[in-house]
Amino acid sequence: MHVPDGFIDAPVSVATGAVAVVGVGIALRGARRELDDRTAPLAGLTAAFVFAAQMLNFPVASGTSGHLLGGTLAAILVGPYTGILCVSVVLLMQALLFADGGLTALGVNITTMALATVIVGYGLFRLLVRVLPKTRAAAAGASFAAAVVSVPAAAVMFTLIYALGGTADVSIGKVATAMIGVHVLIGIGEALITAVTVSSVLAVRPDLVYGARDLIKPLELRTAGRPAGSADGPAEPSRV
């Protein structure tokens with residue numbers, strides 16, 4: 001999915017760069033509402049995890065491999081705005097340190113792998129958790145479905161960008177078939193990683209999962225009952 005330098009012409013690269021700048025700027029403002037004592041450390045860990053996971057490829061089909069995009073996972077764990085920032089920082093570091101994706105194509109890569117995956121993936125996740133039972137299994141299932149859809153959505157976005165400014169001598173039909181078809185399979189692998197990660201964090205620290213905080217029941221502290229006939233009456237449970 002990482003687009004190299006020269007694969008998209010200059011005008012479209014500049015346009016997607018402007019889209020990326022606007023998107024990251026909005027994310028910077030929105031992240032102020034998401035980051036707190038819980039999400040700030042997790043955001044760093046999430047970015048590191050996505051960085052490492054994107055460096056590892058897994059086989060998809062004959063001669064084809066894929067890697068985690070991470071937009072949906074990051075958005076669910078730390079919020080959509082912070083998720084965009086996490087993936088954007090990862091893409092920038094990969095371009096600078098490993099030449100994985102060109103610097104002139106950074107706008108294309110942020111638009112497809114950060115903005116598209118987060119907007120589609122997190123939007124679908126929130127829609128599903130509103131209609132599904134308020135359980136950990138349902139939240140994990142929603143994260144699976146959201147990740148499955150987000151990856152081919154990024155492929156569709158790239159295909160549209162290629163249609164506007166692709167420089168390779170390959171027809172748009174072949175690009176669409178190759179990109180979307182393969183990334184449907186990659187999406188299944190990403191969905192498994194996302195669902196397992198979200199379910200694992202929900203099992204031990206559900207308060208750290210930004211996208212599922214409204215699924216957490218308030219903790220009740222019950223005090224010991226008073227002796228019968230006490231003038232103060234029965235003890236009432238307190239909510240935290």
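Residues numbered from 1 in each chain as written. Predicted model: local features only at pLDDT ≥ 70, side-chain atom pairs only at ≥ 80, totals over all residues. Heavy atoms only, no water.

Student: Explain unusual backbone geometry here, please?
Tutor: The bulk of non-glycine residues show a negative phi, and the bulk of peptide bonds are trans. Residues other than glycine seldom take positive phi values, yet Ala99 does so here, at roughly 55°. Its place among the elements puts Ala99 in the loop between helix 4 (80-98) and helix 5 (106-131). (Helix = DSSP H or I, 4+ residues; strand = E, 2+ residues; numbered from the N terminus.)

Student: Even after reading the chapter, I still don't get the environment of Val175, so can you show me in this structure?
Tutor: Structurally, Val175 can be placed in helix 7 (residues 172-204). Since its relative accessible area comes to 10%, Val175 is described here as buried. For the pair formed by Val175 and Ala163, sequence separation is twelve residues and the distance between their alpha carbons is 9.1 Å. Residues in contact with Val175, not counting those within four places in the same chain, are Phe158, Tyr162, Val170 and Ile180. (Buried < 20%, exposed > 50% of the residue type's maximum accessible area, 1.4 Å probe, protein only. Contact = heavy atoms within 4.5 Å.)

Student: Before we go on, may I ask you to explain the packing of helix 2 (residues 39-54) against helix 3 (residues 71-78) in this structure?
Tutor: A pair of packed helices is captured by two measures, namely the crossing angle of their axes and the spacing between those axes. One can describe the packing of helix 2 onto helix 3 by two numbers: an axis separation of 10 Å at closest approach and a directional angle of 170°. Relative to helix 3, the element helix 2 lies roughly antiparallel. For the element pair helix 2 and helix 3, the recorded crossing hand is right-handed. Taken together, the residues of helix 3 that come into contact with helix 2 (itself represented by Thr39, Leu42, Ala43, Thr46 and Phe49) are Leu73, Ala74, Leu77 and Val78. Broken down by class, the residue content of the contact of helix 2 with helix 3 amounts to seven nonpolar, two polar and no charged. (Axes fitted to C-alpha atoms, helices over the stretch in contact; angles between N-to-C directions. Parallel < 35°, antiparallel > 145°, perpendicular 65-115°, else oblique. Left-handed = near helix turned anticlockwise from the far one by under 90°. Nonpolar A, V, L, I, M, F, W, Y, C, P; charged D, E, K, R; others polar.)

Student: How should the packing of aromatic side chains be read in this particular structure?
Tutor: A ring pair, where both rings are aromatic, is described by two values, the distance of the centres and the angle of the planes. Applying the stated rule across the entire model yields five aromatic pairs. Taking 5.7 Å as the distance between ring centres and 35° as the angle between the ring planes, the aromatic pair formed by Phe7 and Tyr162 counts as tilted. Separated by 155 residues along the polypeptide, Phe7 in the segment before helix 1 (10-34) and Tyr162 in helix 6 (residues 136-165) bring together distant segments of the chain. Here the aromatic rings of Phe51 and Phe98 are separated by 6.0 Å at their centres, their planes lie at 50°, and the arrangement is tilted. On the criterion of sequence distance, the pair formed by Phe51 in helix 2 and Phe98 in helix 4 is long-range, its members being 47 residues apart. By relative accessible area, which is 23% here, Phe51 ends up partly exposed. Taken together, the ring pairs connect Phe7, Phe158 and Tyr162 into an aromatic cluster. (Phe/Tyr/Trp six-rings, centres within 6.5 Å; stacked < 30°, edge-to-face > 60°.)

Student: I tried to follow a nonpolar patch on the surface on my own but got confused; where do I start?
Tutor: Where nonpolar side chains cluster on the molecular surface, the patch consists of Met55, Leu56, Val89, Leu92, Met93, Leu96, Leu97, Phe98 and Leu103 and spans about 840 Å² of accessible area. Position of Leu103 among the secondary structure elements: in the loop between helix 4 and helix 5. Here Leu103 falls in the partly exposed class, since its relative accessible area comes to 49%. (Patch = residues over 30% accessible without salt bridge, like charges linked within 9 Å, V, L, I, M, F, W, Y side chains within 5 Å. Areas by Shrake-Rupley, 256 points an atom, 1.4 Å probe, with all protein chains shown as cover. Salt bridge = Lys/Arg side-chain N within 4 Å of Asp/Glu carboxyl O.)

Student: I would appreciate a short explanation of the pattern of salt bridges in the present structure.
Tutor: Working definition: two side chains of opposite charge can pair if their charged atoms are close together. Taken as a whole, this structure holds two salt bridges when the rule is applied. Ionic pairing is found between Arg213 and Asp36, a salt bridge with its closest N-O pair at 3.6 Å. Here Asp36 lies in the loop between helix 1 and helix 2 and Arg213 lies in the loop between helix 7 and strand 3 (220-221), a separation of 177 residues in the sequence. Exposure remark for Arg213: the relative accessible area of 22% places this residue in the partly exposed category. Arg205 is the partner of Asp207 in a salt bridge, and the nearest nitrogen-oxygen pair spans 2.8 Å.

Student: I keep staring at the environment of Ile188 and nothing clicks. Help me out?
Tutor: Its place among the elements puts Ile188 in helix 7. Through-space distance from the C-alpha of Ile188 to that of Phe144 is 8.2 Å; in sequence the pair is 44 residues apart. Dropping the residues within four chain positions of it, Ile188 is found in contact with Phe144 and Val148.

Student: Would you explain the nonpolar core in this entry?
Tutor: Looking at soluble globular proteins, one finds that nonpolar side chains tend to be buried together. Met1, Ile8, Leu77, Ile110, Phe125, Phe158 and Val209 are the most contacted members of the largest nonpolar core, which totals 54 residues. Those elements that place two or more of their residues in this core are helix 1, helix 2, helix 3, helix 4, helix 5, helix 6 and helix 7. Sorting elements by how many residues they give to this core places helix 5 first, with ten residues. Those residues in contact with Val209 that sit more than four places away from it in its chain are Ile76, Leu77, Val201 and Leu202. (Core = buried A, V, L, I, M, F, W, Y, C linked by side-chain atoms within 4.5 Å.)

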